[in-house]
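Each chain is listed here by its residues.
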Amino acid sequence: MSTRLARILTTIFILAVVLLPICWLVSTSLKSNREITQEGTLYPHVPTLDNYVRLFTEKQFGSYLTNSLVVTFFSVAIALVVGAMGAYAIVRFRLPFATERKVGLFLLTLRIIPPVVILIPVYLLMLSLGLLDSWLGLIATYTAFNVTFCVWMMESFFREIPVDLEEAAMVDGDSRFGAFRRITLPLAAPGLAATAIFAVLVTFNEFLFALALTATPRAMTMPRGTATLIGRIDTDWASMAAAGVIGALPIVFFALLVQRHLVRGLTMGAVK
């Protein structure tokens, strides 16, 4: 009985820790700035959706959200395609001096480098290419970062797929690429889903490069656009809370969409 009670209390505590910030964010988004900054109410006494309406009518938040969705979709999609093929090549082919065994560690090392270290070179590169304040500049930058992560993640998933299946397909007349597309990729779908979720989270929430590479609403992403709600004198806390709620919804919907593959993907291959 005591063990069961301890489990119940532990579950309640964990749920409170996880759900309380979310409930507080939603509650704050339904308050007025007066309730937040002056009255300090625990819950909205007069719930209002004006904060959400103001985001799209006065703050150009629709453009920020659209930019984030477009940039995230294309950068993650390109990174998954390139990363999957790169990881497959590392697993199935032998490179000179057995360098395929060191590629994964090398790519992981690149991910350890703080992004701020290469911020100025990336900015100067985009400036010279004329890609500042554009979707293409952000997509190229995020794709470059996501490819290394996708290769590292997908490498272990492909190692779990027997090569005999591909060889059987090639014996039946299929090409190497055909066997990869028809046999290997469907089997690695859970791994692709898990990799996509992590890549989407990193890309959708990225702020530093969006801050440096964008300057107008035509290319500002949601995190960058939300930062414009912080003024020199006043901060629109109610609108920021509403922006946080709206910004979380695409990630939640995407996770629900691929949740069938997520658990299997996280347990497939080596532990990451």
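Residues numbered from 1 in each chain as written. Predicted model: local features only at pLDDT ≥ 70, side-chain atom pairs only at ≥ 80, totals over all residues. Heavy atoms only, no water.

Participant: I'd love a proper account of the side chain of Thr28, names of residues and values included.
Facilitator: With respect to the secondary-structure elements, Thr28 resides in helix α1 (residues 2–29). One polar contact links the side chain of Thr28 to the main-chain carbonyl oxygen of Trp24, over a distance of 2.7 Å. (Helix = DSSP H or I, 4+ residues; strand = E, 2+ residues; numbered from the N terminus. Polar contact = N/O pair within 3.5 Å; in protein donor to acceptor, adjacent residues only side chain to side chain.)

Participant: Let's hear about the pattern of salt bridges: which residues, and what values?
Facilitator: A full pass over the atoms with the stated rule returns five salt bridges. Among the ionic pairs, Arg54 bridges to Asp236, the shortest N-O distance being 3.4 Å. In this pair, Arg54 sits in helix α3 (residues 50–57) while Asp236 sits in the loop between α12 (222–227) and α13 (237–267), placing the two residues 182 residues apart along the sequence. Of the two residues examined, Arg54 and Asp236, each falls in the buried class. Overlapping salt bridges bring together Arg92, Glu166 and Arg176 as one network. (Salt bridge = Lys/Arg side-chain N within 4 Å of Asp/Glu carboxyl O. Buried < 20%, exposed > 50% of the residue type's maximum accessible area, 1.4 Å probe, protein only.)

Participant: Quick one: what's the story with the nonpolar core, residue by residue and with numbers?
Facilitator: Inside soluble globular proteins, nonpolar side chains tend to come together where they are buried. The biggest cluster of nonpolar side chains holds 37 residues, and the ones touching the most others in it are Leu55, Phe61, Val151, Met154, Phe158 and Ile246. Per element, the largest residue contribution to this core is eleven residues, and it comes from helix α4 (residues 61–92). The contacts of Ile246, once residues within four sequence positions are left out, are Tyr52, Leu55, Phe56, Phe61 and Leu65. With eleven residues, the next largest nonpolar core counts Val122, Tyr142, Ala210 and Leu213 among its residues. (Core = buried A, V, L, I, M, F, W, Y, C linked by side-chain atoms within 4.5 Å. Contact = heavy atoms within 4.5 Å.)

Participant: Talk me through the UniProt feature "transmembrane region" (unreviewed entry) in the protein; I want residue IDs and the actual numbers.
Facilitator: When the UniProt feature table is mapped onto this chain, "transmembrane region" (unreviewed entry) is found at residues 7–27, 69–91, 103–129, 135–154, 191–217 and 237–258. The span residues 69–91 is 100% helical and 0% strand by assignment, and the distance between its end C-alpha atoms comes to 32 Å. (UniProt positions renumbered as here; feature names shortened; annotations may be inferred.)

Participant: I'd like a rundown of the packing of α4 against helix α10 (residues 189–204), residues and numbers included.
Facilitator: Put simply, α4 and α10 touch, their axes get as near as 9 Å, and they point 140° apart. Taken as axis vectors, α4 and α10 run oblique relative to one another. In the packing of α4 onto α10, the handedness of the crossing is right-handed. For the pair α4 and α10, contact is made by Leu65, Ser68, Leu69, Thr72, Ser75, Val76, Leu80 and Ala84 and by Leu192, Thr195, Ala196, Ala199, Val200, Thr203 and Phe204, respectively. Classifying every residue of the contact of α4 with α10 gives ten nonpolar, five polar and no charged. (Axes fitted to C-alpha atoms, helices over the stretch in contact; angles between N-to-C directions. Parallel < 35°, antiparallel > 145°, perpendicular 65-115°, else oblique. Left-handed = near helix turned anticlockwise from the far one by under 90°. Nonpolar A, V, L, I, M, F, W, Y, C, P; charged D, E, K, R; others polar.)

Participant: Tell me about the environment of Asp133, residues and numbers included.
Facilitator: Relative to the helices and strands, Asp133 is located in the loop between α6 (119–129) and α7 (135–159). What makes Asp133 buried here is its relative accessible area of 12%. Residue contacts for Asp133: discarding those within four places in its chain leaves Leu213, Thr214, Ala215, Thr216, Arg218 and Ala219. Engagement of the side chain of Asp133 in a polar contact is seen with the backbone nitrogen of Ala215, the distance being 3.0 Å. Within the local environment of Asp133, its side chain forms a polar contact with the side chain of Arg218, the two groups lying 3.2 Å apart.

Participant: Break down the environment of Phe158 for me, with residues and values.
Facilitator: Here Phe158 shows up in helix α7. With residues up to four places along the chain from it excluded, the contact list for Phe158 reads Ala84, Ala87, Tyr88, Val91, Arg92, Phe180, Thr184, Leu185 and Ala188.

Participant: For the packing of α7 against α10, give the residues involved together with the corresponding values.
Facilitator: Between α7 and α10, the shortest axis-to-axis distance is 10 Å and the interhelical angle comes to 155°. Here α7 is positioned roughly antiparallel relative to α10, judged by the angle of their axes. When you trace α7 past α10, the crossing you get is right-handed. The segment α7 lies against α10, with Tyr142, Asn146, Phe149, Cys150, Met153, Met154 and Phe157 engaging Gly191, Leu192, Thr195, Phe198, Ala199 and Thr203.

Participant: I'd love a proper account of α1, names of residues and values included.
Facilitator: Between its first and last C-alpha, α1 extends 40 Å over 28 residues, near the 40 Å set by a 1.5 Å rise per residue. The axis of α1 is deflected most strongly, by about 35°, at Leu19, and proline Pro21 appears within four residues downstream. Taken residue by residue, α1 has Ser27, Thr28 and Ser29 as its buried positions. (Expected span 1.5 Å × (residues − 1). Bend = angle between axes of the 7 residues up to and from the residue.)

Participant: How would you explain the packing of aromatic side chains if you had to name every residue and give the values?
Facilitator: Scanning all chains against the criterion turns up eleven aromatic pairs. Ring geometry for Phe61 and Tyr64: centres 6.3 Å apart, planes at 90°, overall edge-to-face. Taken together, the residues Phe61 and Tyr64, both in helix α4 and three residues apart, mark about one turn of the helix. Here Phe61 and Tyr64 have matching classes, each one buried. Put simply, the rings of Tyr88, Phe93, Phe158, Phe177 and Phe180 pair up and form one aromatic cluster. (Phe/Tyr/Trp six-rings, centres within 6.5 Å; stacked < 30°, edge-to-face > 60°.)

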